[in-house]
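Spelled out from the first residue to the last, the chains are:
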Amino acid sequence: MKKPLCVNIYSEFITLLKFLNANMGCLKYKRSCAIFLVCSLLFIARQSNAATLSKPNIVLILADDLGIGDIGCYGNDTIRTPNIDGLAREGVKLTHHISAAPLCTPSRAAFMTGRYPIRSGMDYSDGHRVLMWLAASGGIPPNETTFAEILQKHGYTTGIIGKWHLGLTCESRNDHCHHPLKNGFDYFYGMPFALFENCDVMGGPIIYIPFQSMVMWWSQLVALAVFTLLIGKLIGLLAISWKVYTCFTFCGLLFLISCYSLYGFSQYWNCVIMRNHEIIEQPMRLERSASLMVKEAQAYIARNQQRPFLLLFSLLHVHSPPVVTKMFNGKSKHGPYGDYVEEMDDMVGKILNSLDEKGLKNNTLVYFASDHGAHLEDRKGNIQVGGWNGIYKGGKAMAGWEGGIRVPGIFRWPGVLTAGTEIDEPTSLMDIFPTVINLGGGELPDDRIIDGKNLMPLLQGHVPHSEHEFLFHFCGIHLHAVRWHQKDSGAIWKAHYITPIFHPEGGIGCFDVMLCQCDGPLVAHHYPPLLYDLSKDPSEAKPISGDTEPRFLELITRIDEAVADHQKTIMPVPQQLSMYNAMWKPWLQPCCGIFPFCWCDAESDHDQTIA
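It should be emphasised that the depicted structure is a prediction, and the values quoted were computed from it without experimental measurement.

Conventions adopted
Residues numbered from 1 in each chain as written. Predicted model: local features only at pLDDT ≥ 70, side-chain atom pairs only at ≥ 80, totals over all residues. Heavy atoms only, no water. Helix = DSSP H or I, 4+ residues; strand = E, 2+ residues; numbered from the N terminus. Buried < 20%, exposed > 50% of the residue type's maximum accessible area, 1.4 Å probe, protein only. Areas by Shrake-Rupley, 256 points an atom, 1.4 Å probe, with all protein chains shown as cover. pLDDT = per-residue confidence, 0-100. Contact = heavy atoms within 4.5 Å. Pairing = 2+ DSSP bridges. Axes fitted to C-alpha atoms, helices over the stretch in contact; angles between N-to-C directions. Disulfide = S-S within 2.5 Å. Phe/Tyr/Trp six-rings, centres within 6.5 Å; stacked < 30°, edge-to-face > 60°. Salt bridge = Lys/Arg side-chain N within 4 Å of Asp/Glu carboxyl O. Polar contact = N/O pair within 3.5 Å; in protein donor to acceptor, adjacent residues only side chain to side chain. Parallel < 35°, antiparallel > 145°, perpendicular 65-115°, else oblique. Left-handed = near helix turned anticlockwise from the far one by under 90°. Nonpolar A, V, L, I, M, F, W, Y, C, P; charged D, E, K, R; others polar.

S.K.: Is there a simple way to explain the overall build of the protein chain in this structure?
M.R.: Per the secondary structure count, the protein chain includes 16 helices and 20 strands. Each of the 611 residues in the protein chain was classed as buried or not, and the buried ones make up 55%. Within the structure as shown, the protein chain displays about 26,700 Å² of accessible surface, and the carbon and sulfur contribution to it stands at 60%.

As structure tokens, this is what we get:
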């Protein structure tokens with residue numbers, strides 16, 4: 001354990017004093033030397049202490065799929081979130097905080113790098129919109145720099161507890177090229193993948209209906225092809241060798257196994273808990289994951305309290321399935337999802353209490369947010385199990401509508417940030433990258449475009465406006481909307497070029513496909529774009545037209561120019577979510593035990609030992 005500063009100074013003082021005593025030539029001036037030495041050491045101690053205090057501890061708490069309307073300080077008056085609400089009272093609440101993408105993987109890539117995910121290839125192109133398999137080869141590229149990497153080089157110990165979802169391996173099962181420890185973190189405990197319905201072992205595997213229908217159709221087609229080839233071979237109609245037939249049958253079987261794994265094996269393949277590079281639980285047990293991750297976070301804070309640390313507490317809550325401990329089961333007014341939110345709030349409270357107990361509250365910047373908006377289409381039967389986005393239209397997977405990308409954003413740093421402050425300026429999850437690097441004494445990379453802005457001047461009230469003039473909202477590689485902060489007038493214009501087509505009966509989501517699409521027949525294109533003034537119409541209820549806004553064409557022209565300028569900065573990069581990089585690869589599948597029946601459990605319900 002690192003010694004306290006005063007102990008080190010005292011030790012050095014005694015050593016040097018003994019040195020003076022041992023040198024008779026200095027005897028005449030011993031008292032003067034000692035006084036000079038004491039003053040020098042006190043000055044060094046003061047400077048060292050100031051340097052330590054100038055680097056605050058940084059605790060970033062990122063929820064998963066949490067709607068901005070799910071917590072009390074943003075308008076919910078039925079779900080109880082006293083700890084998050086208290087965090088807002090003691091700090092700064094952002095009411096115009098925006099994620100850089102409406103889904104997990106691209107949003108988290110932008111959060112970690114301060115760059116739009118399209119710049120790193122971490123968004124949809126021709127494959128998936130998120131990583132769908134732990135055994136996929138896509139992930140955060142090695143040439144990208146995370147805030148953890150920079151802080152690590154400036155004296156911080158860095159840890160992530162919870163969800164990663166930014167890839168794991170590239171070419172072999174154990175290369176772990178995308179692992180958190182390859183991206184600036186000293187310690188990792190949690191899920192290298194993401195929570196899915198299939199991870200609920202007790203609840204049984206669940207697969208979305210559209211995908212289930214596709215799997216069944218392809219399964220029947222493959223089975224029919226195999227049977228037809230066999231009959232043709234046996235009666236002499238097809239001149240194929242048994243080797244070719246066997247190869248075709250094997251490929252068909254491999255296809256069926258990979259598809260049907262969503263019914264069962266994915267619980268064992270995707271739902272994994274790791275400590276650093278080691279799998280310690282496969283499949284994970286959701287009912288105890290919350291308490292174990294809180295204990296890990298508390299232990300991390302305790303063992304690093306003597307030095308500057310970064311902790312990213314990346315919650316699995318409130319992504320489905322909503323599995324909670326007995327303490328919260330049935331306690332809320334909103335069923336399983338409400339229980340889930342209230343348990344999440346309790347987890348946040350325990351982390352904050354750990355900081356208080358260790359005397360770290362005043363020297364710790366705490367940040368709370370969600371990676372994107374709530375999932376409107378998430379339901380079981382006729383019951384919605386996703387969250388609420390308040391007054392904002394749309395939800396998860398919708399890159400343009402506010403409900404998919406407007407998220408809570410709360411900062412607390414006592415004595416530095418004024419308690420009870422509310423800021424209604426456009427800010428982004430990408431802003432965390434330059435903000436924490438600035439606080440940690442680092443410098444931004446100068447070999448790439450950083451889209452985030454340092455928030456400290458805004459948070460401290462030194463400037464009246466956010467540095468963002470334009471924010472661009474991509475759905476994969478497709479630009480869906482643009483936000484223009486016209487600072488001189490105070491207006492915040494929002495232009496939608498592409499919008500998802502809602503289900504005609506529900507009106508709030510894309511129920512037929514479970515997630516709204518980026519392109520194709522399930523989106524509508526608009527030119528001139530739909531235009532809203534978010535400063536007056538934050539719920540995007542009524543678009544502005546040339547009849548209601550005299551400057552309509554002028555505004556659209558300016559936004560079009562900004563889009564053209566921005567598109568020039570987008571360079572071609574390898575697509576990490578391409579069909580090949582996103583597909584399941586058996587040779588990359590992490591497994592403890594006998595494949596495919598992977599199983600291990602190094603944890604215990606009642607006796608958890610944390611290294």
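S.K.: Hey, could you run me through the confidence of the model for the protein chain in this one?
M.R.: It should be kept in mind that the predicted coordinates are not to be read in detail where pLDDT is low. Predicted confidence across the protein chain gives a mean pLDDT of 85, with 82% of residues reaching 70 or more. pLDDT under 50 marks residues 41–53. Its contacts with residues more than four places away, or in other chains, come to eight contacts. Across residues 605–611 the pLDDT falls below 50, and counting only partners more than four positions away or on other chains, this stretch makes 13 contacts in the model.

S.K.: Is there a simple way to think about the sheet that holds strand β15 (residues 478–486) in this case?
M.R.: Reading across the sheet, the four strands line up as β14-β15-β16-β17 and stay open at both edges, with antiparallel pairing between neighbours. Each edge of the open sheet is held by one strand with a lone partner, namely β14 (470–475) and β17 (523–533). Across the sheet, the mean angle from the axis of one strand to that of its neighbour is 15°, orientation sign disregarded. Strand direction decides the pairing type here: strand β16 (residues 491–500) and β17, joined by seven bridges, are antiparallel. What sits directly across from Pro-500, in β17, is Val-523.

S.K.: Sorry, what's going on with the state of the cysteines here?
M.R.: In protein structure, a disulfide is the covalent linkage between the sulfur atoms of two cysteines. Scanning the entire structure with this criterion turns up five disulfides. Disulfide partner of Cys-170: Cys-177, at an S-S distance of 1.8 Å. Between Cys-170 and Cys-177 the disulfide shows an S-S torsion of about 90°. By sign, it is right-handed. A relative accessible area of 28% places Cys-170 in the partly exposed class.

S.K.: Whenever I open this one, the packing of aromatic side chains confuses me. Can you help?
M.R.: The description of an aromatic ring pair rests on the distance of the ring centres and on the angle between the ring planes. Under the counting rule described, the total for this entry stands at 14 aromatic pairs. Arranged with centres 5.5 Å apart and planes meeting at 85°, the rings of Phe-111 and Phe-147 form a pair that is edge-to-face. Within this pair, whereas Phe-111 is found in helix α4 (residues 104–113), its partner Phe-147 is found in helix α6 (residues 147–152), the two being separated by 36 residues in sequence. Across this residue pair, the class does not change: Phe-111 and Phe-147 are buried.

S.K.: Please clarify how the pairing of strand β2 (residues 92–98) should be interpreted in this entry.
M.R.: Side chains on a regular strand alternate between the two faces of the sheet. Summarising burial for β2: seven of the seven residues are buried, a large majority. Pairing of β2 with strand β11 (residues 406–412), which is carried by five bridges, proceeds in the antiparallel orientation. Of the residues in β11, the one forming a bridge with Leu-94 is Gly-409. Pairing of β2 with strand β12 (residues 421–423) involves three bridges; the strand directions are parallel. Among the inter-strand pairings, Lys-93 is bridged to a residue of β12, identified as Glu-422. Two elements, β2 and strand β13 (residues 427–428), share two bridges in a ladder whose sense is parallel. Along β13, the bridge assignment pairs Ile-98 with Ser-428.

S.K.: I'm lost on the environment of Pro-528 in this one. Help?
M.R.: Within the element layout of this structure, Pro-528 appears in strand β17. For the pair Pro-528 and Ala-495, spaced 33 residues apart in sequence, the C-alpha to C-alpha distance is 8.9 Å.

S.K.: What should I look at first to understand the pattern of salt bridges in this one?
M.R.: A side chain of one charge can pair with a side chain of the opposite charge when the charged atoms of the two come close. Taken as a whole and judged by the stated rule, the model has 24 salt bridges. Glu-90 serves as the salt-bridge partner of Lys-361, at 3.4 Å between the closest nitrogen and oxygen. A residue pair is termed long-range when its members are at least 10 positions apart, and Lys-361 in the loop between α11 (335–357) and β8 (364–370) and Glu-90 in the loop between α3 (82–89) and β2 qualify at 271 residues. For Lys-361, a relative accessible area of 23% puts it in the partly exposed group. Among the ionic contacts, a cluster of salt bridges with common partners joins Glu-402, Arg-406, Arg-483, Lys-494 and Glu-540.

S.K.: Would you take a moment to explain the side chain of Ser-99 for this structure?
M.R.: Turning to its location among the elements, Ser-99 is positioned in the loop between β2 and α4. What makes Ser-99 buried here is its relative accessible area of 2%. A polar side-chain atom of Ser-99 sits 2.9 Å from the main-chain carbonyl oxygen of Ala-101. Excluding residues within four positions of it along the chain, Ser-99 makes contact with Ser-107, Asp-371, His-372, Gly-404, Ile-405, Val-407 and Leu-429.

S.K.: What is the right way to look at the packing of helix α10 (residues 286–303) against α11 in this model?
M.R.: How two helices sit against one another is set out by the angle between their axes and by the gap between those axes. Their axes nearest at 9 Å, the elements α10 and α11 cross at an angle of 15°. On the basis of the axis angle, α10 is roughly parallel to α11. The element α10 and its partner α11 pack so that their crossing is right-handed. Where α10 approaches α11, its residues Ala-290, Val-294, Ala-297, Gln-298 and Ile-301 are matched on the opposing element by Glu-343, Met-347, Lys-350, Ile-351, Ser-354 and Leu-355. Looking at the contact of α10 with α11 residue by residue, the class counts come to seven nonpolar, two polar and two charged.

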